[in-house]
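Here is what each chain is made of, one letter per residue.
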Protein chains: 4
Amino acid sequence: MLALSAQAQDFKTRLINFMEEYIYPNESLYEEQLNQMETRWAIPPIMEELKSKAKEQGLWNLFIPQKEYGPGLTNYEYGHLCAIMGRSLIAPEAFNCGAPDTGNMEVLIKYGTPEQKEKWLAPLLNGEIRSVFSMTEPAVASSDATNIEGSIIRDGDEYVINARKWWSSGAMDPRVGIAIVMGKSDPTAEKHKQQSMILVPFDAPGVEIKRYLPVFGYDHAPHGHAEVHYNNVRVPASNMLLGEGRGFEIAQGRLGPGRIHHCMRAIGAAERALDLLCERANSRVAFGTKLADKDVIREIIAESRIEIEQARLLTLNAAHKMDQEGAKGARKEIAMAKIVAPRASLSVIDKAMQVFGGAGVSEDTPLAAHWANARTLRIVDGPDQVHLRDIGRLELRERQ
Amino acid sequence: MLALSAQAQDFKTRLINFMEEYIYPNESLYEEQLNQMETRWAIPPIMEELKSKAKEQGLWNLFIPQKEYGPGLTNYEYGHLCAIMGRSLIAPEAFNCGAPDTGNMEVLIKYGTPEQKEKWLAPLLNGEIRSVFSMTEPAVASSDATNIEGSIIRDGDEYVINARKWWSSGAMDPRVGIAIVMGKSDPTAEKHKQQSMILVPFDAPGVEIKRYLPVFGYDHAPHGHAEVHYNNVRVPASNMLLGEGRGFEIAQGRLGPGRIHHCMRAIGAAERALDLLCERANSRVAFGTKLADKDVIREIIAESRIEIEQARLLTLNAAHKMDQEGAKGARKEIAMAKIVAPRASLSVIDKAMQVFGGAGVSEDTPLAAHWANARTLRIVDGPDQVHLRDIGRLELRERQ
Amino acid sequence: MLALSAQAQDFKTRLINFMEEYIYPNESLYEEQLNQMETRWAIPPIMEELKSKAKEQGLWNLFIPQKEYGPGLTNYEYGHLCAIMGRSLIAPEAFNCGAPDTGNMEVLIKYGTPEQKEKWLAPLLNGEIRSVFSMTEPAVASSDATNIEGSIIRDGDEYVINARKWWSSGAMDPRVGIAIVMGKSDPTAEKHKQQSMILVPFDAPGVEIKRYLPVFGYDHAPHGHAEVHYNNVRVPASNMLLGEGRGFEIAQGRLGPGRIHHCMRAIGAAERALDLLCERANSRVAFGTKLADKDVIREIIAESRIEIEQARLLTLNAAHKMDQEGAKGARKEIAMAKIVAPRASLSVIDKAMQVFGGAGVSEDTPLAAHWANARTLRIVDGPDQVHLRDIGRLELRERQ
Amino acid sequence: MLALSAQAQDFKTRLINFMEEYIYPNESLYEEQLNQMETRWAIPPIMEELKSKAKEQGLWNLFIPQKEYGPGLTNYEYGHLCAIMGRSLIAPEAFNCGAPDTGNMEVLIKYGTPEQKEKWLAPLLNGEIRSVFSMTEPAVASSDATNIEGSIIRDGDEYVINARKWWSSGAMDPRVGIAIVMGKSDPTAEKHKQQSMILVPFDAPGVEIKRYLPVFGYDHAPHGHAEVHYNNVRVPASNMLLGEGRGFEIAQGRLGPGRIHHCMRAIGAAERALDLLCERANSRVAFGTKLADKDVIREIIAESRIEIEQARLLTLNAAHKMDQEGAKGARKEIAMAKIVAPRASLSVIDKAMQVFGGAGVSEDTPLAAHWANARTLRIVDGPDQVHLRDIGRLELRERQ
Ligand SMILES: Cc1cc2nc3c(=O)[nH]c(=O)nc-3n(C[C@H](O)[C@H](O)[C@H](O)COP(=O)(O)OP(=O)(O)OC[C@H]3O[C@@H](n4cnc5c(N)ncnc54)[C@H](O)[C@@H]3O)c2cc1C
Ligand SMILES: Cc1cc2nc3c(=O)[nH]c(=O)nc-3n(C[C@H](O)[C@H](O)[C@H](O)COP(=O)(O)OP(=O)(O)OC[C@H]3O[C@@H](n4cnc5c(N)ncnc54)[C@H](O)[C@@H]3O)c2cc1C
Ligand SMILES: Cc1cc2nc3c(=O)[nH]c(=O)nc-3n(C[C@H](O)[C@H](O)[C@H](O)COP(=O)(O)OP(=O)(O)OC[C@H]3O[C@@H](n4cnc5c(N)ncnc54)[C@H](O)[C@@H]3O)c2cc1C
Ligand SMILES: Cc1cc2nc3c(=O)[nH]c(=O)nc-3n(C[C@H](O)[C@H](O)[C@H](O)COP(=O)(O)OP(=O)(O)OC[C@H]3O[C@@H](n4cnc5c(N)ncnc54)[C@H](O)[C@@H]3O)c2cc1C
């Protein structure tokens, strides 16, 4: 509804062109190259080429709201761009806008010391290394972050980290340089002051990758999600982020934009699915007519468009509110978007798969992979149930 | 998302206050007065009082975009106000913003001759008379307007109207002065040129009210929806609107804003329902705790808020697009809103009824009446199936 | 699945015939007669004629499983018959199988003293009087029956009843002879022993009918649901049912069959709706073809059939389990049916209304009235939320 | 509802025991062995051990209704067993009851010549070889089987087969001995007489496996679904099944039981998911309480149970009707089950994944793999849209 600034509009046009020219045509090349590597955990060369091109064109780090580090777009503006990137699973990285790097960079920008920034933020901004965020633990319900049990204990000039983490996204990527690890620095403190976040170089002794975790059969190579054990890992005390006991505070700040990004990418994936659906419907003939000429299929298309539009507006509205009142002020709006966008995306992609028949569940279209991706969004960054509870509580509170 | 103008914001504040001060407190008085009248088809005096007060405060004819006749708000702006009026079933009339008068006034403003305006528009704008729109016929599927069979035949200086109409909303209201009747003036013309619309004074000989039609048991008195037979009704040729064969054109123009109004009122009804739901949840104790303290109820509240927000944004977005590109340019957006807003409204009101238990289906809350009202919106002004088909078709076309 | 006994099959055939011959053709006569009575709370003569005919044909009291009082059908068998009766809102009474009489007769059969039976059961079995069940109170969440606050206090040879009840179904019916009232006889007893049920002649001094409660816009005349105040009503001590403090026990026993009946009637209503839907689809032409020839409408029909079949099988399965293991053993199955059958019925009827367009929400078809009826079933005899909770608990328990 | 025969009940008990004792405990061993093989398309030894054990215990070929070849259970009876096998993805094969072998064996039993039976049925019955069914083609909408374009042309004593097929399930399995291929033997014949089915030894020259097709990210090794090209493959004329032009007839006969099996396995998968869900809910603590103690989770459990029960009854009812009236007589019932069971299974498994959080989408539970499997069922053996259309048509026809 709200008009885009000329700058954002310009980015949008160029991004769409870039997608058409470089991303879509190279999706299958990316897969091919990956399949030809010796290991699944190596980077297909085309990715570095795409990154160079994107950087050249200034389509780089677009997510960063701080003018010092990026184009300084609002969340509302970047939301539009993020939806375009979300159309392809290989796009976000190409623009240096992939999770969890985006969140990690934001944390470093907001809370990093100059030294931390120099060492880790600079290469991340440059796309030279990648990063990991290690919070979740298999042993405890991690959607309730107070459950996190890993320990980060001060020992002289160092901190000693012991934690069994999993779902550390991107941890299989050979380029990972740094991890942000959450754990308890003081189990006796007030509940929300027990946790800290600390920077752990990924080649530090004691960082052990146990295994990768597939998502619906996908290994998500070459990034992958890993179970990572931090065994007596020692890092300098200066690697602490923001200060002991401030892990929650950081987590909080991190989540607002990250959720919007997830949502907008999910919407982009749905848009792509709807495009593909319509294309297929226009070419496939069954029982005497083109699928596109059947009212039943038109209803499927219409419901898809309706779901996308609602999710898009809801998410953009949350982004806009966050721009105006901060992540805290937009808490309810963000939670709603976080519920709706994955639902809509799943529903639309599912419909597209259905219209593709057998082809839809295979790898001949990007649909199944996008679906699996979107399915995880109902779990990560707060499972639906937790957001619903929050929204309900906020509604009741507003009326008191 | 889009900021409201100061003017619109001011109307909004005053409207909210008016609702609190005059409308809600008089809902039951309205019912009581109605129950005490000799007939169901007489006007409770409180309504005329409310109208006077609203007019006094300038909260009058707010729907009119033309500065000459009203405040000149955009559809986007009026949408916000309309949602507020929709919270009470007696509110729209109090502000002279009730259907079908709004649509009829618009038609007269846009297409009326000076004479037609003087005779019919002026008293309508003034709230002195009410009006009827007679298109639908029991004999044919009227969602396909080409089916309409009533006849409007030129005979010298007059037109002779013969038609069996039903669902003429408001036709039971003793104040009705004028009807706009649709029918075929030339059954041999091209399909979309066969129909005309004509002005029929409601006291003209041959206008026969056969019966009223209840909606889920409600008589919607004192307005009511009536089966109206036009038996050889004669009107001067100057009562023709816009010109013979232009009935479709008028219908088209009429529908854009009307649909937005319906949607926004439905959303307002949902907002009211959610308020009531929360209030009840906060006061009712079952199985040991307040309903408001049960996560199951919080999920109901959260889902309600989510449905409302999505419908609201979608409808406002359609209104905004209509402001910018006209009803035709916003055709898809309007169709989407027309699908979503009634659905959301029905779903939220239904949830509220459920949380109220037995009270929810009775007349002790406005919920059941609002629900019945909202249910008709999935049928009037284009049944869901017709809109879905359109949206599907437009999506496919955009990709060609 | 399970074959019907010859006896049940014979009842079924005769019942279907009776419906075709006498019930459907007299539905509108019933309405007409009612509209012509001086008051809405008088009995249209056609009803007594229908009752006579049904009794003559032995289609009477079919719900009673005890051979002494009725045909002795199983719940599974009667379920099939009940679905047929549910197709018309005037049918259950015609066969003396209407609520709340059925439940009240069951209570008297199971727990009544010979004297109570003679006085109240006999005329009920005969269809001479009707009865009321007064449990729910406006002041408290009555889905949690421990909340009930009315008092039934022993005073010498009498009990004194003070209670503000509402939703006493049938209480407006001039033929009502007796009410079963629930209330606390000992507020200090263990939670589930505080309540008693007692027989209150409806003409006893102190029985005050405050008002009737509409359901959506329906008054459900001539039966009606009433707010009834019991003001110091005195009845002989021998009117106590089963014994002081055994109200819960009775309520429990009452609920199993009652819920199955509600469900099967709701399914019958859905079957009727689907019949009407198909009929309409076969005769109505829109946008160039019969509705029945549109795949979109066929999907609506298919989904309706699917919903009905599932609800039917689930309910019959519950009835069968109840036949074998009693209401307690079939608790989970009954709860499931109680959730599903109203949902399915509402959904199917709603679809039928949609396909009827405007006619669907009016009184020109029985659809809207059936829908309003079915909507209350998600609230009465345990709201959905309470049943879901129970089912969840039972599932978890079974696994321990 | 219908009681199981003693024989079927006995099989059921033994099957449940076998699952507990041998299947579940070896699921991960199967995966491990597979991961250690040199290729994904080799058989983990544990499978042959399981097969031996099952055969020993007489839990073998249970699906065969003909007493000559199997235990002679009805479809209703076998349905119960099939649901148990469906709980594990490795179970069906272990009992020689896996698709597409079951369907292929049925075809051979019903339509095979003695020679065909000896050569292909015998080793299949014995579990020595596996088989393939090649109908679907990427180039055409194969849900409309008249579209199939592959050719089966008589040339002297032989048939020459040319066809590009895909989704030939199990085609990657090294043990495959035979394929049933569908194609046109006479493109000029009446539409439903053009197609034939023919037996093609899988080592025949010209049988070319182009690639395997993943389902979501699963390769379904070691069986796999393959794109298979039949390039001028020559087989003796005696390999024709039933006769030229009778391909449709065979397809028809094949589908009834096959759909029921798919449905019952899907229901079994859902039952397993619900078991796992409850287990997890009982052990996981979030936000202060066990998940099992949250009403929100109990509702999830209840809705799951409700969905399973409805799907189970509907499918068993279809099986029973098929037992009594054949696949044709039960056509509507089968179509309904085919719609409902996959839906229910997907919904329940999805809920279970959600309650497992991150673990749910990984391979640490069988949930994600079961979900992907169930998703294909809305496409194979008739996509939902085709079944809905059929049901709608049958409903309309019944009323004429
Ligand atoms: C693909 C993927 C990528 C991920 N990437 C990362 C990463 O990079 N770094 C990282 O640290 N983590 C990551 N995660 C982990 C993710 O953040 C967690 O899975 C998520 O926080 C949920 O935690 P959990 O899995 O322990 O689920 P649990 O906390 O055990 O919750 C399980 C379920 O319980 C239910 N539940 C929980 N609370 C309530 C409640 N109050 N009321 C009702 N129901 C409730 C919900 O249904 C919930 O889904 C990733 C996960 C996935 C799947
Ligand atoms: C409360 C209320 C107030 C009303 N007020 C007015 C008024 O003031 N003036 C007036 O003229 N009319 C009024 N109407 C009438 C209303 O506009 C019509 O009911 C509506 O246009 C539908 O026409 P119909 O009832 O003839 O339904 P039909 O045209 O018979 O359509 C019935 C159903 O058929 C199905 N259908 C139709 N076309 C298709 C398709 N292409 N594909 C698939 N399915 C399809 C849809 O499910 C549709 O709901 C009112 C109606 C109601 C209920
Ligand atoms: C048409 C009709 C006929 C009736 N006939 C009779 C009759 O003849 N005799 C009679 O005695 N009564 C009758 N009733 C009353 C009916 O039994 C009650 O309405 C019903 O028991 C619910 O009680 P309540 O209305 O007090 O709702 P409440 O108990 O206030 O419950 C309201 C809502 O709260 C929610 N809720 C309650 N408990 C929980 C929980 N544990 N977790 C989550 N949510 C919860 C549910 O959404 C529920 O719907 C009738 C009602 C109607 C509508
Ligand atoms: C895991 C898996 C295993 C399989 N195994 C085998 C096997 O062993 N052997 C074999 O031969 N095949 C197999 N198949 C193929 C399967 O049978 C086909 O995918 C299926 O028949 C659909 O055909 P299609 O993919 O060509 O889809 P299409 O025919 O192109 O249909 C695609 C979609 O179009 C829509 N559609 C079609 N008709 C209509 C209509 N009338 N109205 C409205 N919408 C319509 C539906 O949404 C449908 O899903 C398998 C498929 C999968 C996914």
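Residues numbered from 1 in each chain as written. Chains lettered and ligands numbered in written order. Predicted model: local features only at pLDDT ≥ 70, side-chain atom pairs only at ≥ 80, totals over all residues. Heavy atoms only, no water.

Side note on the site of ligand 4
Phase 1: Close contacts around ligand 4 come from 30 residues, with Q354 of chain A together with F133, T136, S143 and W167 of chain D the closest.
Phase 2: Taken together, the residues near ligand 4 originate from chains A and D.
Phase 3: Residue G358 of chain A places a main-chain N or O atom 2.8 Å away from an oxygen atom belonging to ligand 4.
Phase 4: Interatomic distance of 2.8 Å between a side-chain N/O atom of Q385 of chain D and an oxygen atom of ligand 4.
Phase 5: Here ligand 4, which alone exposes 960 Å², has 95% of that area covered by the protein.
Phase 6: Secondary structure elements with two or more residues in the shell around ligand 4: α9 (331–356) and α10 (358–361) of chain A together with β1 (130–134), β3 (158–169) and α12 (384–398) of chain D.
Phase 7: Here the element with the most residues in the shell around ligand 4 is α12 of chain D; it accounts for three residues.
Phase 8: When grouped by side-chain class, the residues that make up the shell around ligand 4 number 16 nonpolar, 11 polar and three charged. (Near = heavy atom within 4 Å. Polar contact = N/O pair within 3.5 Å; in protein donor to acceptor, adjacent residues only side chain to side chain. Areas by Shrake-Rupley, 256 points an atom, 1.4 Å probe, with all protein chains shown as cover. Helix = DSSP H or I, 4+ residues; strand = E, 2+ residues; numbered from the N terminus. Nonpolar A, V, L, I, M, F, W, Y, C, P; charged D, E, K, R; others polar.)

What about the packing of aromatic side chains?
Phase 1: With the rule as written, the count across this model stands at 28 aromatic pairs over all chains.
Phase 2: Chaining the aromatic ring pairs together yields one cluster made of F216 and W371 of chain A together with F216 and W371 of chain D.
Phase 3: The positively charged end of R389 of chain C is found above the aromatic ring belonging to F287 of chain B, 5.1 Å away from the centroid. (Phe/Tyr/Trp six-rings, centres within 6.5 Å; stacked < 30°, edge-to-face > 60°. Lys NZ or Arg CZ within 6 Å of the ring centre and 35° of its normal.)

Remarks on the pattern of salt bridges
Residues and elements named next belong to chain B.
Phase 1: This structure, assessed with the given rule, holds 140 salt bridges over all chains.
Phase 2: The shortest N-O distance in the salt bridge between R14 and D10 comes to 3.2 Å. With a gap of four residues between them, R14 and D10 both fall in helix α1 (residues 6–36), about one helical turn apart.
Phase 3: Exposure remark for D10: the relative accessible area of 37% places this residue in the partly exposed category. (Salt bridge = Lys/Arg side-chain N within 4 Å of Asp/Glu carboxyl O. Buried < 20%, exposed > 50% of the residue type's maximum accessible area, 1.4 Å probe, protein only.)

Focus on the relation of the copies chain A and chain D
Phase 1: At an RMSD of 0.0 Å, chain A and chain D line up after a rotation of 180 degrees and a shift of 0.0 Å along the axis. Taken together, the rotation and translation describe the operation of a two-fold axis. Within chain A, the C-alpha atom positioned nearest to the axis of rotation is that of G217 of chain A, 2.2 Å from it. (Least-squares fit on C-alpha atoms with pLDDT ≥ 70 in both.)

Focus on the side chain of D219 of chain D
Residues and elements named next belong to chain D.
Phase 1: Looking at where D219 falls in the secondary structure, it is placed in the loop between β6 (207–213) and β7 (225–236).
Phase 2: At a separation of 2.7 Å, a polar atom in the side chain of D219 contacts the side chain of R40.
Phase 3: Polar side-chain contacts of D219 include one of 2.9 Å to the backbone nitrogen of A221.
Phase 4: In this structure D219 touches R40, W41, Y212 and G224, once residues within four positions along its chain are discounted. (Contact = heavy atoms within 4.5 Å.)

Side note on the packing of helix α8 (residues 295–329) of chain B against helix α9 (residues 331–356) of chain B
All names here are of chain B.
Phase 1: In the contact formed by α8 and α9, the axes pass within 8 Å of each other and the chain directions differ by 155 degrees. With respect to α9, the element α8 is oriented roughly antiparallel. Every pair of crossing elements has a handedness; the one defined by α8 and α9 is left-handed.
Phase 2: For the contact of α8 with α9, the class distribution of residues is 16 nonpolar, five polar and seven charged. (Axes fitted to C-alpha atoms, helices over the stretch in contact; angles between N-to-C directions. Parallel < 35°, antiparallel > 145°, perpendicular 65-115°, else oblique. Left-handed = near helix turned anticlockwise from the far one by under 90°.)

Observations regarding the domain arrangement of chain A
Residue and element names in this part refer to chain A.
Phase 1: Parsing chain A into structural domains produces domain 1 (6–112), domain 2 (130–241) and domain 3 (248–398).
Phase 2: The gap between the C-alpha centroids of domain 1 and domain 2 is 25 Å.
Phase 3: Between domain 1 and domain 2, the residue contacts involve 19 residues of the former and 19 residues of the latter.
Phase 4: Counting across the domain 1 and domain 2 interface gives five salt bridges. (Domains from an automatic or database assignment.)

A short note on the interface of chain A and chain B
How large an interface is tends to be reported as the accessible area lost when its parts come together.
Phase 1: The partner chain B presents 39 residues to the 39 residues of chain A that form the contact.
Phase 2: Across the interface of chain A and chain B, roughly 3700 Å² is buried in total on both sides, 66% from carbon and sulfur atoms.
Phase 3: Looking at the side of chain A facing chain B, the largest losses of area belong to M1, L396 and R399 of chain A, adding up to 20% of the total buried there.
Phase 4: Across the chain A-chain B interface, the total number found is eight salt bridges.
Phase 5: When the shortest N-O distance is used, the salt bridge between E303 of chain B and R343 of chain A registers 2.6 Å.
Phase 6: Elements that contribute at least two residues to the side of chain A that touches chain B include exactly α7 (247–283), α8 (295–329), α9 and α12 (384–398) of chain A.
Phase 7: If one sorts the elements of the side of chain A that touches chain B by residue count, α8 of chain A sits on top with 16 residues.
Phase 8: Of the residues in the side of chain A that touches chain B, the class split is 19 nonpolar, seven polar and 13 charged. (Buried area = accessible area lost by both parts, 1.4 Å probe.)

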